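Examination of the molecular architecture
Below are the chains, spelled out letter by letter.
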Amino acid sequence: MKLLKTLLPAAALAALPVMGMAQEAAAPTMDEVGPYIFTTLLFLMAGFLVFFMAAGFAMLEAGLVRSKNVAMQLTKNIALFSIAAIMYWLVGFNTMYPGDFNGWFAIGGPTVLDPVGVAAADAALDYASVGSDFFFQLVFVAATASIVSGAVAERIKLWPFLIFVIVLTGIMYPISGSWQWGGGWLSEMGFSDFAGSTVVHSVGGWAALAGVIVLGPRIGKYKDGRVNPFPGSNLALATLGTFILWLGWFGFNGGSQLAMGTVGDVSDVSRIFANTNMAAAAGAVAALILTQVLYKKVDLTMVLNGALAGLVSITAEPLAPTLFGSLWIGAIGGVIVVFAIPFLDKLKIDDVVGAIPVHLFAGIWGTIAVIFYGEANLMTQLTGIVAYGVFTFVASLILWFILKATVGIRVSEEEEINGLDMAELGMEAYPEFSKG
Amino acid sequence: MWTGQKRVFPFFDCLKMMQLSKIVQNLCNLSACQIVKTPSNLSFRPSVLLFCACKQIDLQGKGTKVKFIIATIKPFKLEEVREALTDIGVRGMMVTEIKGFGSQSGHTEIYRGAEYAVNFVPKIKLEIVVAADMADQVIETITKTARTGKIGDGKIFVLDAQQAIRVRTGETNGDAL
């Protein structure tokens, strides 16, 4: 996100007297309010696209877990989105965009919207409405939490997970987010992360990695030095989920232009759409070819992960690359996933849906890849990657351990084998399979 | 069909025998047991006589004998086998989707980079009851149509069926098919 929200209130204030006078004289012209209207429109449209990514994550995860855990996975997805929405209003938004602050840490209060029917003179005419900005940022934090739910699926207790989501979406993500998008120390340093390869995806990936390590693998996943795959319940849903995420990503990256008031901005948004699409396609094709070569058969689940890895890879810089640039950056994302999934299995890190390879590994790659087309240098990029990694991983690890020691985070062995649907919800996603 | 059994027991076994008659009555549906005290004979050995009559269920039924054929085949062959069997006059079959393994003991697949064993291979189980004289033809037809020549074509087991009964009419064996 190139515009820093910290600068905006000041700019709006400076513009106020002029606007006031203009309004007395005549209604504001399109030249004056056009950018505000179009940027607000961009946020709203991009916002509901990114909102729909919640559905994408839900379907992807529902498809990749076993049928006995599907209802629970869906429950976690709608619960985490809703909790994220409330927490981001309560503290998150103003913590992430605190205005003037020390660059590291400032806890903010609840979000306040523009008044009803705000006059042009009172609006942030060089940016967008608070409501659209808040909504657009809110759906990003929900994406971060969704990443965690997929990795820790099939064995974590519902309520401890939701407590983690409360802290992640209300405190952890907004604090680390403020370092970059809130105008904090990393943005001062010149770190570049356009739409959140690191700020959103790696953060989700690190939190997921910490959770998976503390939780341990699912029962029977690693036995006698062998990896036992647990095939997903519904690859049609997983594919639908991937396509929904792909669609949502146009909002994720496109909206992060944060402006649509000029010919340049709207062209940039278009450029971002085309690049985003190209990276996803390249990631999918890379995984398609690679699994055929490595395993003699294409693995659909890896192709789906490949497309998502392509998307994550281009997210740090979807504007500057050429279409060919997006192609190879996305393709490398797809390759990373195909090698990272068996690699994690070797380490006995049981990530159910491949969230860590897709969001963490490809996120790191995407953040490094900014140096090829964008304005960034490698050391700054690495500093940002490490800073986000250390903060999120350590904070998550501590929180997971506290939850483990107090309320416990894992269901009992019997409950895990019977499935979380019956154990924790008492309902099943597909009851017809078991009853006449 | 009624069968009877007669046994002479020494009198001092009488009590034990009354227990026995109860057991026999329970075992043997609709049986009736009668204990008759025989007159003491000249050798002064009192004794009792147990006469039991049991109705034995007729397990044979009327009509031609039938055979029970169990065949496991590759699922994609089901339609072909059904057609061929219908052509030779088989008028009914039971079909179940099953999993199992034979001498090959399954195979391996790869999911997300991890090789895993598929221990149980999907198969279709056919259960067919036919007149005994038709059994050979049925077996031959299944063998011919289900065969691909590759491992995993399946197996056929043939049993003597004790009886076949049509629920609606009570017809038995060959008439029930």
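Please refer to the structure placed before this passage.
Residues numbered from 1 in each chain as written. Chains lettered and ligands numbered in written order. Predicted model: local features only at pLDDT ≥ 70, side-chain atom pairs only at ≥ 80, totals over all residues. Heavy atoms only, no water.

**A word on the overall build of chain B**
- Assigned secondary structure in chain B consists of 3 helices and 9 strands.
- Element order for chain B, N to C, with α for helix and β for strand: β-α-β-β-β-α-β-β-β-β-α-β.
- Within chain B, the fraction of its 177 residues that count as buried is 29%.
- A separation threshold of at least 6 residues defines the contact pool for chain B, and within that pool the share at least 24 residues apart is 69%. (Helix = DSSP H or I, 4+ residues; strand = E, 2+ residues; numbered from the N terminus. Buried < 20%, exposed > 50% of the residue type's maximum accessible area, 1.4 Å probe, protein only. Contact = heavy atoms within 4.5 Å.)

**Focus: the nonpolar core**
- Within the largest apolar cluster, 110 residues are counted, with the highest numbers of intra-cluster contacts made by A:Y88, A:F140, A:F161, A:F164, A:Y173, A:F252 and A:W400.
- Not counting the four nearest positions on each side in its chain, A:F161 is found in contact with A:K76, A:L80, A:A145, A:V148, A:S149, A:V152, A:I156 and A:W400.
- B:A71, B:A135, B:V138 and B:I142 belong to the second-largest nonpolar core, a separate cluster that totals 15 residues. (Core = buried A, V, L, I, M, F, W, Y, C linked by side-chain atoms within 4.5 Å.)

**Thoughts on a negative patch on the surface**
All names here are of chain A.
- Side chains of E413, E414, E415 and E424 sit close together on the surface and give a patch of like negative charge.
- It is helix α14 (residues 413-418) that contributes the most residues to the negative patch, 3 residues altogether.
- Mapped onto the secondary structure, E415 falls in helix α14. (Patch = residues over 30% accessible without salt bridge, like charges linked within 9 Å, V, L, I, M, F, W, Y side chains within 5 Å. Areas by Shrake-Rupley, 256 points an atom, 1.4 Å probe, with all protein chains shown as cover. Salt bridge = Lys/Arg side-chain N within 4 Å of Asp/Glu carboxyl O. Lys, Arg positive; Asp, Glu negative; His and termini not counted. Charge placed at Lys NZ, Arg CZ, Asp CG, Glu CD.)

**Structural notes on the interface of chain A and chain B**
- At the interface, 19 residues of chain A touch 9 residues of chain B.
- For the pair chain A and chain B, the summed buried area comes to about 1,100 Å², and 53% of that belongs to carbon and sulfur atoms.
- On inspection of chain A and its partner chain B, the count reaches 1 salt bridge.
- Ionic pairing is found between B:E109 and A:K297, a salt bridge with its closest N-O pair at 3.0 Å.
- Counting every contact that joins chain A to chain B gives 7 residue pairs in polar contact (both at pLDDT 80 or more). (Buried area = accessible area lost by both parts, 1.4 Å probe. Polar contact = N/O pair within 3.5 Å; in protein donor to acceptor, adjacent residues only side chain to side chain.)

**Quick word on the side chain of A:T242**
All names here are of chain A.
- Of note, T242 is situated in helix α8 (residues 235-254).
- According to the relative accessible area criterion, T242 is buried, its value standing at 3%.
- Excluding its chain neighbours within four sequence positions, the residues that come into contact with T242 are L60, L304, A307 and L308.

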